[in-house]
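Close look at the chain arrangement
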Amino acid sequence: MAILKDLRAMWRQGTPTFGPFVQLNSAGICEILGHAGFDYCIIDLEHGVIHVDTAENMVRASVAAGIVPIVRVAFNRPELISQALNIGASGVHIPHISTVEEARQAVFASKFFPMGGRGVCPFVRAARYSVDKTIYYNKANMETMVIVAIEGTEGIDNLAEILKVKGIDVIFVGPYDLSQSLGVPGQVTSQKVVDKVREIAAMSKKAGVAVGLFVETPEAAKEWAKQGVLYVSLDVDAAILLKASMNYVKLVQENAPGPAEAR
C-alpha cells in the first residue's frame, strides 16, 4: 500500500498542496490522478453523480495510488459526514458553512468523544472492519481532516468566530457561490471576489488555519499559492479530461495531411 502524504505537515511548513475535484463516478479516475502526482483528490458527493458504494471504491483506489482521498459531502449533516469517514476518507469537505454553530456541528459530526459526537461503529472499512477497534477512535480524531467551505457573505461576516472553532483544518473558499453572493454571479475573477478571497486568506493565516480555494488553471493555482493558499483545488476531473481531449483534437487537426497527401 502506498504511503499517503501528510497534508497537515505540509501546510504547517507552508507548502501548498494541489488536487482536483472528482465528479465522474470512476475509481480509475482517482488512480490516474494519483499516478499523475496530485497530492489529494476531492470525491464530490455534492455535485457529482456518485453513490456511496462507488465512493468507497474510489477511496480504495486513491489509497492504492498514493493520493489522499477527501470526500465532499452534499450537506452539513452528521449521517453524511459519518458515512464519508466510515468508508475511509482521510478528510471531509463540508459545504455552505455560514455560522459558528454550523462550523461547530461540522466538527462535532467529524470527531469522536471527547472532540465530538460522531456515531461509533467499529465494523466499518475505516476501522478495518473491527481489526483496529481498540485504537481507531483516538487515531481517527488525530488524523481526520475537516475542511469547511465558506461560500457566501454571511460566512465571511462570521469568519472571525468560525476560525475560533477547534478542529477545523482548512477554510475553503467556493468562488462561484461567493461571486453570486457578492452580486457578480459566475465572475470569479471579479475584483470583488478577489478582494474577498484575499481577506479570507489573511484572516485564516493569522488564526493559524490553512486556506483553500478552487481554481481552474495551473497559472491561477501558482498565483494563489504564492499568496498563501495551501489547499489549492485545481479544476475538476471532467474539465481536465475535456481540455486535454480538445487539445489532442486540435493538434491532430493542425498536423493532419491534406486530401492530396492522405494516400
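Quantities reported herein were computed from a predicted structural model and do not represent experimental measurements.

**Some details on the side chain of R72**
Relative to the elements of secondary structure, R72 occurs in strand β3 (residues 68-72). Side-chain polar atoms of R72 contact the side chain of E46, separated by 3.3 Å.

**Observations regarding helix α4 (residues 78-86)**
Note that an α-helix has 3.6 residues per turn; residues three or four places apart therefore point the same way. All of the buried residues in α4 are L80, I81, S82, A84, L85 and N86. Buried residues in α4 make contact with β3, β4 (91-94), α5 (100-110) and α6 (136-143). In the segment just after α4, G88 is the residue with positive phi, at about 110°.

**Observations regarding the sheet that holds β4**
Read around the barrel, eight strands follow the order β1-β2-β3-β4-β5-β6-β7-β8 and close on themselves; strand pairing throughout is parallel. Along the sheet, successive strands turn relative to each other by an average axial angle of 25°, direction set aside. Contacting β1 (17-22), β7 (210-215) and β8 (231-236), helix α11 (residues 218-226) crosses the sheet at an angle of about 160° to β7.

**Some points on the packing of aromatic side chains**
Two aromatic rings are characterised by how far apart their centres lie and by the angle between their planes. For the structure on display, the rule yields nine aromatic pairs. For the ring pair F21 and F214, a centre distance of 5.9 Å and an interplane angle of 55° mean the geometry is tilted. With F21 in strand β1 and F214 in strand β7, this pair connects stretches of sequence that are 193 residues apart. On the basis of relative accessible area, F21 is assigned to the buried category, the value being 3%.

**Considerations on the environment of S110**
Of note, S110 is situated in helix α5. Between the C-alpha atoms of S110 and V209, which are 99 residues apart in sequence, the distance is 17 Å. Setting aside residues up to four positions removed in sequence, S110 forms contacts with I81, L85, V92, I94, R118, T144 and V146.

**Here we look at the nonpolar core**
The biggest cluster of nonpolar side chains holds 55 residues, and the ones touching the most others in it are I43, I94, I97, I168 and I171. When residues no more than four places from it in sequence are discounted, the contact partners of I168 are A103, V107, V146, V148, I162 and V209. Core analysis: the second largest hydrophobic core is formed by 18 residues, V68, V170, Y231 and V236 among them.

**Topic: the packing of α4 against α5**
The interhelical angle for the contact between α4 and α5, taken along N-to-C directions, is 40°, at an axis separation of 9 Å. By the angle between their axes, α4 is oblique relative to α5. Seen from above, α4 lies across α5 with right-handed handedness. Side by side, α4 and α5 meet where P78, I81 and L85 of the first sit next to A106, A109 and S110 of the second. Residue composition of the contact of α4 with α5, by class: five nonpolar, one polar and no charged.

**Here we look at the pairing of β1**
Most of β1 is tucked away, with five of its six residues classed as buried. Relative to β8, β1 runs parallel, the two sharing four bridges. Among the inter-strand pairings, G19 is bridged to a residue of β8, identified as S233. Summarising the sheet, β1 and strand β2 (residues 40-44) pair through two bridges and their orientation is parallel. Looking at the pairing, F21 lines up with I42 of β2. As a crossover connection, the stretch from β1 through helix α2 (residues 27-36) into β2 is right-handed.

**Brief notes about the packing of α2 against helix α3 (residues 52-65)**
The N-to-C vectors of α2 and α3 enclose an angle of 20°; their axes lie 8 Å apart at closest approach. Classified by the angle between their axes, α2 and α3 sit roughly parallel to one another. Relative to α3, α2 is oriented so that their crossing is right-handed. In this structure, α2 uses A27, C30, E31, G34 and H35 to contact α3, whose residues at the interface are N57, M58, A61, S62 and A65. When its residues are assigned to classes, the contact of α2 with α3 shows five nonpolar, four polar and one charged.

**Structural notes on α3**
Under the 1.5 Å per step criterion, the end-to-end length of α3 is 20 Å for 14 residues, consistent within 8% with the ideal 20 Å. All of the buried residues in α3 are A55, E56, M58, V59, A61, S62, V63 and A65. Where α3 is buried, its residues contact β1, α2, β2 and β3. Backbone geometry just after α3 places G66 at a positive phi near 80°.

Definitions and limits used
Residues numbered from 1 in each chain as written. Predicted model: local features only at pLDDT ≥ 70, side-chain atom pairs only at ≥ 80, totals over all residues. Heavy atoms only, no water. Helix = DSSP H or I, 4+ residues; strand = E, 2+ residues; numbered from the N terminus. Polar contact = N/O pair within 3.5 Å; in protein donor to acceptor, adjacent residues only side chain to side chain. Buried < 20%, exposed > 50% of the residue type's maximum accessible area, 1.4 Å probe, protein only. Contact = heavy atoms within 4.5 Å. Pairing = 2+ DSSP bridges. Axes fitted to C-alpha atoms, helices over the stretch in contact; angles between N-to-C directions. Phe/Tyr/Trp six-rings, centres within 6.5 Å; stacked < 30°, edge-to-face > 60°. Core = buried A, V, L, I, M, F, W, Y, C linked by side-chain atoms within 4.5 Å. Parallel < 35°, antiparallel > 145°, perpendicular 65-115°, else oblique. Left-handed = near helix turned anticlockwise from the far one by under 90°. Nonpolar A, V, L, I, M, F, W, Y, C, P; charged D, E, K, R; others polar. Right-handed = clockwise from strand over helix to strand, strands pointing away. Expected span 1.5 Å × (residues − 1).

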